[in-house]
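# Descriptive analysis of the structure
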Amino acid sequence: MNNLFDNPSFVAAFFGWLTAQTIKFTWNLITTHKLDFSYIISTGGMPSAHCAAVSALAASVGIIEGISSSLFAVALAFALIVMFDAQSVRRAAGQQARILNKIVEELFKEHHLSKQKLAELLGHTRLEVLAGTVLGVSIAFAVHHWW
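Below is a short write-up of the structure. (Residues numbered from 1 in each chain as written. Predicted model: local features only at pLDDT ≥ 70, side-chain atom pairs only at ≥ 80, totals over all residues. Heavy atoms only, no water.)

### Some words on the packing of helix α1 (residues 8-32) against helix α5 (residues 126-146)
For the pair α1 and α5, the least separation of the axes is 9 Å and the interaxial angle reads 130 degrees. Relative to α5, the element α1 is oriented oblique. As for the relative orientation of α1 and α5, their crossing is right-handed in sense. Counted together, Pro8, Val11, Ala12, Phe15, Gly16, Thr19, Ala20 and Ile23 of α1 and Leu135, Ile139, Ala140, Val143 and His144 of α5 form the full contact between these two elements. When grouped by side-chain class, the residues that make up the contact of α1 with α5 number ten nonpolar, three polar and no charged. (Axes fitted to C-alpha atoms, helices over the stretch in contact; angles between N-to-C directions. Helix = DSSP H or I, 4+ residues; strand = E, 2+ residues; numbered from the N terminus. Parallel < 35°, antiparallel > 145°, perpendicular 65-115°, else oblique. Left-handed = near helix turned anticlockwise from the far one by under 90°. Contact = heavy atoms within 4.5 Å. Nonpolar A, V, L, I, M, F, W, Y, C, P; charged D, E, K, R; others polar.)

Printed below as a string of structure tokens:
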């Protein structure tokens, strides 16, 4: 292999992430009629790009190595940890940021505080995780079909 793009598992993971981010960017463009390139690298939203990437990676490894291989077990465990983190820890952090931003906004009305806001779009709902997972597995099968 000369580079990462010769590796079908990397290609599947990369295109899983890229497709999910493109969907978010396009949806935002359709709904707001504004070009916001931050959606290309943003976290949170539908579908989960993290979940699309890791599920595409795990599915690709499973296709190549077989689902009884140790390498697939590692890839699957990695994917499950990322998915759990996306819909629990990161989602909770986003909800806390939203509440803190409201508190600071109320305090700012009475006191002079920084207007800097915390990032609120960090995690995912279970549906966003599921959509990212389905997208990633589908892309892995598509990559291997055309490979």
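### Focus on a nonpolar patch on the surface
On the surface, Met46, Leu127, Leu130 and Val134 cluster together into a nonpolar patch covering about 380 Å² of accessible area. In this structure, Leu127 sits in helix α5. Given the relative accessible area of 54%, Leu127 is considered exposed. (Patch = residues over 30% accessible without salt bridge, like charges linked within 9 Å, V, L, I, M, F, W, Y side chains within 5 Å. Areas by Shrake-Rupley, 256 points an atom, 1.4 Å probe, with all protein chains shown as cover. Salt bridge = Lys/Arg side-chain N within 4 Å of Asp/Glu carboxyl O. Buried < 20%, exposed > 50% of the residue type's maximum accessible area, 1.4 Å probe, protein only.)

### Some points on α1
A rise of 1.5 Å per residue sets the reference length of α1, with its 25 residues, at 36 Å; its end C-alpha atoms lie 35 Å apart and thus fit the reference within 8%. Within α1, burial applies to Pro8, Ser9, Val11, Ala12, Ala13, Gly16, Ala20, Gln21, Lys24, Phe25 and Asn28. You can read the cap of α1 off the contacts: a side-chain oxygen lies 2.8 Å from the backbone nitrogen of Ser9, and it is on Asn7. Directly after α1, the chain includes His33, whose backbone phi takes a positive value near 60 degrees. (Expected span 1.5 Å × (residues − 1). Polar contact = N/O pair within 3.5 Å; in protein donor to acceptor, adjacent residues only side chain to side chain.)

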